[in-house]
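Here is how the chains run, residue by residue.
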Amino acid sequence: MDTDLHELLKSLRVWDPEVTTLPGFDPATAPDAPLPLFAAWLARAAAAGEREPHTMSLATTDEAGHPDVRIVMLHGADAAGWSFATHSDSRKGRQLAARPHAALAFYWPVLGRQVRVRGPVVTAPPEQARADLRVRSTGALAAALTGHQSEVLGSLGELAEASESAWERAGRDPSAEVPSWTLYRLRPDEVEFFQGDARRRHVRLRYRRAPDGWARELLWP
């Protein structure tokens, strides 16, 4: 089995030219702040056929300092920060309550691009969390109403029963309240843009928050 896994890994390619185009990136033309560049890169990834460019890895740490990571969806990005949402009593919600710092990572293989974001996390006002949930799909509301995220599940039958009830309520009451639903905002101290290069001369541009705006610097690949 280990041999099969090793051979599989050896056979896989990174940035296969049949499905990946590596565009150029000149850091000298980058804007003074990271948000406009992020918006442009996200739009470029979507236009290039990246199926879920708004998904990202969210890394947090627990009370003991042990790392944790999962894939979540970006709900917005503006001057207040990069936004995502979850239940406050979920595993990541509890971790953010204990250590309100996090890191995000976007990866768009169709362009060989990554964006990394790090910084403190704050909770948005409850009314903004409610508004966030109202604009999502019926399925998203049903999932939120199902609740119990990260708790131990007794059986798939138990999940099916709770989910059916939540779907029925979500369809009947699109404005149903979910008190634990929380909108979080990561206010970045650092944002790094990575552009892959076929000759491994990857371009890395890091923005660091400074008292008077943003400092920019190149990093070795």
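Being a predicted model, the structure only gives us computed values, none of them experimental.

Asker: Would you take a moment to explain the overall build of the chain for this structure?
Answerer: Within the chain, the secondary structure is distributed over six helices and ten strands. The principal-axis extent of the C-alpha atoms belonging to the chain is close to 55 × 55 × 40 Å. Counted over contacts in the chain with a minimum sequence separation of 6, partners at least 24 positions apart contribute 65%. For the chain, the exposed area adds up to about 13,200 Å²; of that, 53% sits on carbon and sulfur atoms. Both charge centroids of the chain, one from 27 positive and one from 29 negative side chains, sit 6 Å from each other.

Asker: Any chance you could explain the packing of aromatic side chains here in plain terms?
Answerer: Two aromatic rings are characterised by how far apart their centres lie and by the angle between their planes. Counting across every chain of the model gives nine aromatic pairs. Ring geometry for Trp 41 and Phe 193: centres 5.2 Å apart, planes at 85°, overall edge-to-face. Within this pair, whereas Trp 41 is found in helix α2 (residues 34–47), its partner Phe 193 is found in strand β8 (residues 190–195), the two being separated by 152 residues in sequence. When its relative accessible area of 0% is taken as the criterion, Phe 193 is described as buried. An angle of 45° between the planes, with centres 5.9 Å apart, marks the rings of Phe 106 and Trp 108 as tilted. It is Arg 113 that lies over the ring of Trp 41; its NZ or CZ is 3.9 Å from the centre.

Asker: Help me out: how do you make sense of the nonpolar core in this one?
Answerer: One recurring pattern in soluble globular proteins is that nonpolar side chains are buried together. The biggest cluster of nonpolar side chains holds 28 residues, and the ones touching the most others in it are Phe 106 and Val 115. Apart from the residues within four sequence positions on either side, Val 115 is in contact with Phe 38, Trp 41, Leu 104, Ala 105, Phe 106, Trp 108, Val 191, Glu 192 and Phe 193. With 14 residues, the next largest nonpolar core counts Ala 124, Ala 129, Ala 142 and Val 178 among its residues.

Asker: Looking at this model, I keep getting lost on the side chain of Arg 185. Mind explaining?
Answerer: Along the chain, the position of Arg 185 falls in strand β7 (residues 181–186). Buried charged residue Arg 185 carries no salt bridge. Nearest counter-charge: Asp 78, at 4.6 Å. Polar side-chain contacts of Arg 185 include one of 3.4 Å to the side chain of Ser 83. A polar contact of 2.8 Å, which involves the side chain of Arg 185, links it to the side chain of Gln 128.

Asker: Can you walk me through the side chain of Gln 95 in this structure?
Answerer: Along the polypeptide, Gln 95 turns up in helix α3 (residues 91–98). Beyond its immediate sequence surroundings of up to four residues, Gln 95 is in contact with Thr 60, Thr 61, Asp 62, Asp 68 and Arg 70.

Asker: Would you mind going over a nonpolar patch on the surface with me for this structure?
Answerer: A cluster of nonpolar side chains, namely Leu 5, Leu 8, Leu 9 and Leu 12, defines an oily patch on the protein surface of about 400 Å² accessible area. Mapped onto the elements of the fold, Leu 9 is located in helix α1 (residues 2–11).

Asker: Can you walk me through α3 in this structure?
Answerer: In an α-helix, one turn spans 3.6 residues, which is why side chains three or four residues apart end up on the same side. Taken as a whole, α3 has its buried residues at Lys 92, Gly 93, Gln 95 and Leu 96. End-on, the buried residues of α3 take up no more than an arc of 165°, which puts them together on one face. Packed against the buried residues of α3 are β1 (55–61), β2 (67–73), β4 (81–87), β5 (101–108), β6 (113–123) and β7.

Asker: Would you mind going over the pattern of salt bridges with me for this structure?
Answerer: Enumeration according to the criterion identifies eleven salt bridges in this entry. Between Arg 91 and Asp 68 there is a salt bridge; the shortest N-O distance is 3.1 Å. In this pair, Arg 91 is assigned in helix α3 and Asp 68 in strand β2, connecting sequence segments 23 residues apart. For Arg 91, a relative accessible area of 46% corresponds to the partly exposed category. Residues Arg 204 and Glu 192 are paired through a salt bridge, measuring 2.6 Å at the closest nitrogen-oxygen approach. Here Arg 204, found in strand β9 (residues 203–210), pairs with Glu 192, found in strand β8; they are twelve residues apart in sequence, far enough to count as distant. Here Arg 204 and Glu 192 have matching classes, each one buried. Sharing partners across several salt bridges, the network here consists of Asp 68, Arg 70 and Arg 91.

Analysis parameters
Residues numbered from 1 in each chain as written. Predicted model: local features only at pLDDT ≥ 70, side-chain atom pairs only at ≥ 80, totals over all residues. Heavy atoms only, no water. Helix = DSSP H or I, 4+ residues; strand = E, 2+ residues; numbered from the N terminus. Contact = heavy atoms within 4.5 Å. Areas by Shrake-Rupley, 256 points an atom, 1.4 Å probe, with all protein chains shown as cover. Lys, Arg positive; Asp, Glu negative; His and termini not counted. Charge placed at Lys NZ, Arg CZ, Asp CG, Glu CD. Phe/Tyr/Trp six-rings, centres within 6.5 Å; stacked < 30°, edge-to-face > 60°. Buried < 20%, exposed > 50% of the residue type's maximum accessible area, 1.4 Å probe, protein only. Lys NZ or Arg CZ within 6 Å of the ring centre and 35° of its normal. Core = buried A, V, L, I, M, F, W, Y, C linked by side-chain atoms within 4.5 Å. Salt bridge = Lys/Arg side-chain N within 4 Å of Asp/Glu carboxyl O. Polar contact = N/O pair within 3.5 Å; in protein donor to acceptor, adjacent residues only side chain to side chain. Patch = residues over 30% accessible without salt bridge, like charges linked within 9 Å, V, L, I, M, F, W, Y side chains within 5 Å. Arc of directions from axis to C-beta.

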